[in-house]
Amino acid sequence: MELIKKNIHMDRIKCKASTQITMEDDINITDSRPDVYQLIEEQGEVVIDEIRAVQDHVYVKGKLEFSVLYLSDDDVRRPASMQGSIPFDEQIYMEGVAPTDSVSIKKDLEDLSVGMINSRKLSVQSLIRLGLYVEELYDEEAAVELSSAEPVEFRQKTINLASLAIQKKDIFRIREEMELPGGYPNIFEIFWQNCRLGETDFRISEGKLSLQGEVQLFFLYEGEGENRPVMWYEAVIPFGGVLDCQGLRERMVDDIACQIGHKEIEVKADADGEERIIGLEIVLDLDMKIYEEEQTEILSDVYGVTKEIEAVSGVGNLKQLLMKNTGKTKIAGHFKVAAGLPKMQQLCHSECEIQLAETKIVEEGLRITGAAAIKSLYGTGDPEVPYDSISGTIPFSYVLEIPGISPDCTYKLDAVPEGLSVTMIDADEVDVKAVLVFRGIVFNHYEEPMIQEVKVTDLDPDKLSSLPGIVAYIAREGDSLWNIGKKYYVPVSQIKDINELATDEIHPGDKLLIVKGIS
């Protein structure tokens, strides 16, 4: 007698940890940059250089890279910028991690503020959150059939699974060249640049992964000419392409993290030798997990007819896809220029960053709370302070509907803004509108009894002789043909044949004839 088994390939979180890092440092303006008259705005990015695991601890080495846009302390207040970095080296307790584990990390710059100490020194403060986790692959061995020379009865049940079909990392390169529109002066120097990845969509086909999205580019620059005009340029650059992915099939479900890994903006000369071409090269890092939903028949019970058969069961840890869903919510608000700051004459550029405060499983789905941080660069028309920025936050609370979600579920959530609109009401106030897009994938984790082996022994002669040869049986509440057949060592098919039953369904009060022996 042999159990026929199937390996179910799945993934799970082995261990995880999180920490916050507070960083403070005083940064000197480099000699090549002009003195600071007034700060305008700042931006930053967390870069991880090394992750090393030891027993129950992880060492993380990285840095905060930041850029600061400011007005120079010259006779003519012109925009200028400087870049810098602050290193960090952290030891994080992570119970269960081993030196051989590959540790993944999610990094968030939760806060960055830059203050002016004097015209040659800045104070930088930041709050960084690191989320660390180790994923492991595992196989559950499920008994799906039983091969036996002896007469034996077995039944199966259907289980729903999300098996991990593909796990890999890949890259996608974006190379674009744009020419400045007519009326824009040639580029002499770029003061400030901002390059962000917009919403990206993935589509699965046979052996192919298609992706489409957009890159949002803005830069402030000094134009050529006697007056050295300060200009800005903004563009939305669509991209798309196809990656080969062996084993990919339609109807599989993707869970893909996509972020900018490398970006480079280069000013090039056009055919006339004028600096009017902007070359953009971006490398997207893709962390891909592809799941296949399947229904599998596994053995749920077994009994013998001529032998005593005992099923030895264990518990399998299984995973199924509960839902992948996308939801949107609108936000709106008004911001005013802070007291003492110059009034607005023209908006140059606006951006939105979603700050998630809490994601909680509730009865309806995932309750997401946080704030949208809006920042706008504007021109003032004041030669003393020609540029400044206005910022503010709009709180939100939204429920991404996931029917059937429970506290035992795990999920991943991405949040991106789209359709940001910032317009001037007057010189002191702006109107802000945006749509926040939330994409969530939720898995249900559950334990399933699974037969691991069967033990076969001879029937006890005393027990066998005590069973009547023929039984007139009246069905009771909770009875089934399976339970009755197992009690009297009679095949279910024989009970159906003798009683002329078309299905396995019986009801309390039904009269059945049970005949011992094999037909």
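Residues numbered from 1 in each chain as written. Predicted model: local features only at pLDDT ≥ 70, side-chain atom pairs only at ≥ 80, totals over all residues. Heavy atoms only, no water.

Draft legend 1. The environment of Glu224, seen in detail. Residue position: Glu224 is located in the loop between strand E10 (208–223) and strand E11 (230–244). It is 33 Å that separates the C-alpha atoms of Glu224 and Val124, two residues lying 100 residues apart in sequence. Excluding its chain neighbours within four sequence positions, the residues that come into contact with Glu224 are Pro185, Asn186, Ile187, Phe188, Pro229 and Glu275. (Helix = DSSP H or I, 4+ residues; strand = E, 2+ residues; numbered from the N terminus. Contact = heavy atoms within 4.5 Å.)

Draft legend 2. Looking closely at the pairing of strand E5 (residues 104–118). In terms of strand pairing, E5 meets strand E6 (residues 121–147) through 13 bridges, oriented antiparallel. From the neighbouring strand, Leu112 faces E6, where its bridge partner is Ser126. In this structure, the hairpin formed by E5 and E6 is closed by a connection of two residues. (Pairing = 2+ DSSP bridges.)

Draft legend 3. Here's a closer look at helix H2 (residues 481–488). Along H2, the positions that sit buried rather than exposed are Leu481, Trp482, Ile484, Gly485 and Tyr488. The buried residues of H2 occupy an angular sector of 165° when projected down its axis, which confines them to one face. Check the buried side of H2 and you find it contacts strand E7 (152–179), strand E13 (275–304), strand E20 (470–474), helix H3 (492–498) and strand E21 (511–515). Within two residues after H2, Tyr489 carries a phi angle of roughly 60°, on the positive side. (Buried < 20%, exposed > 50% of the residue type's maximum accessible area, 1.4 Å probe, protein only. Arc of directions from axis to C-beta.)

Draft legend 4. The layout of surface pockets, seen in detail. Computed from the structure, the second largest pocket encloses a volume of approximately 200 Å³. Every residue lining the second largest pocket is listed: Ser102, Ser104, Tyr133, Val134, Glu135, Glu136, Leu137, Gln167, Lys168, Lys169 and Asp287. Every element with two or more residues in the lining of the second largest pocket is listed here: E6 and E7. For the lining of the second largest pocket, the element with the most residues is E6, which contributes five residues. For the lining of the second largest pocket, a count of residues per class yields three nonpolar, three polar and five charged. (1 Å grid on protein atoms, 1.4 Å probe; cavity = no way out; pocket = protein on both sides within 12 Å on 5 of 7 lines; lining within 4 Å. Points joined across faces, edges and corners; volume = space filled by probe spheres on them. Nonpolar A, V, L, I, M, F, W, Y, C, P; charged D, E, K, R; others polar.)

Draft legend 5. Highlighting the pattern of salt bridges. Tallied over the full model, the rule gives 35 salt bridges. The salt bridge partner of Glu141 is Lys5, with a shortest N-O separation of 3.6 Å. Placement of Glu141 in strand E6 and of Lys5 in strand E1 (residues 2–28) is noted, with a sequence separation of 136 residues between them. Residue Glu141 is classed as partly exposed on the basis of its relative accessible area, which comes to 46%. The salt bridge involving Asp244 is made with Lys208; its shortest N-O contact spans 2.4 Å. Here Asp244 is found in strand E11, whereas its partner Lys208 is found in strand E10, with 36 residues between them in sequence. (Salt bridge = Lys/Arg side-chain N within 4 Å of Asp/Glu carboxyl O.)

Draft legend 6. Geometry of the packing of aromatic side chains. Going through the model one piece at a time under the given rule, you end up with nine aromatic pairs. Each ring, one from Phe219 and one from Tyr233, has its centre 5.6 Å from the other, and the planes form 45°; the classification is tilted. With Phe219 in strand E10 and Tyr233 in strand E11, this residue pair connects regions lying 14 residues apart in the sequence. The two residues Phe219 and Tyr233 agree in class, both being buried. Measuring from ring centre to ring centre gives 5.3 Å for Tyr398 and Phe438, while their planes differ by 15°; the resulting arrangement is stacked. (Phe/Tyr/Trp six-rings, centres within 6.5 Å; stacked < 30°, edge-to-face > 60°.)

Draft legend 7. Representation of the side chain of Glu222 within the structure. Residue position: Glu222 is located in strand E10. Separated by 3.0 Å, the side chains of Glu222 and Arg78 make a polar contact. (Polar contact = N/O pair within 3.5 Å; in protein donor to acceptor, adjacent residues only side chain to side chain.)

Draft legend 8. Spotlight on the sheet that holds strand E19 (residues 429–458). With respect to topology, three strands assemble into an open sheet ordered E14-E19-E18, the strand pairing being antiparallel. With partners counted over all chains shown, the strands left at the sheet margins are strand E14 (307–336) and strand E18 (410–424), one partner each. Each adjacent strand pair in this sheet contributes to an overall mean axis angle of 5°, direction not counted. Summarising the sheet, E14 and E19 pair through 29 bridges and their orientation is antiparallel. Following the sheet pairing, Asn325 is matched in E19 by Gly440. (Axes fitted to C-alpha atoms, helices over the stretch in contact; angles between N-to-C directions.)

Draft legend 9. Focus on the sheet that holds strand E16 (residues 365–379). Taken in spatial order, the three strands of this open sheet run E15-E16-E17, and their pairing is antiparallel. In this open sheet, the two strands that pair with only one neighbour each are strand E15 (346–361) and strand E17 (387–401). Across the sheet, the axes of successive neighbouring strands diverge by a mean angle of 15°, strand direction being ignored. Here 15 bridges tie E16 to E17, and the two strands are oriented antiparallel to one another. Looking at the pairing, Ala372 lines up with Ile394 of E17.

Draft legend 10. Layout of the side chain of Glu429. Inspection of the secondary structure puts Glu429 in strand E19. Put simply, Glu429 is tucked away with no salt bridge, and the nearest opposite charge, on Lys336, sits 4.6 Å away. Contact partners of Glu429, with chain neighbours within four places excluded, come to His334, Phe335, Lys336, Met344, Thr423 and Met424. (Lys, Arg positive; Asp, Glu negative; His and termini not counted.)

Draft legend 11. Focus on the environment of Gln212. By the element assignment, Gln212 lies in strand E10. Gln212 gets classed as exposed once you look at its relative accessible area, which sits at 57%. As a C-alpha pair, Gln212 and Lys486 span 274 residues in sequence and 58 Å in three-dimensional space. Setting aside residues up to four positions removed in sequence, Gln212 forms contacts with Glu199, Thr200, Asp201, Phe239 and Gly240.

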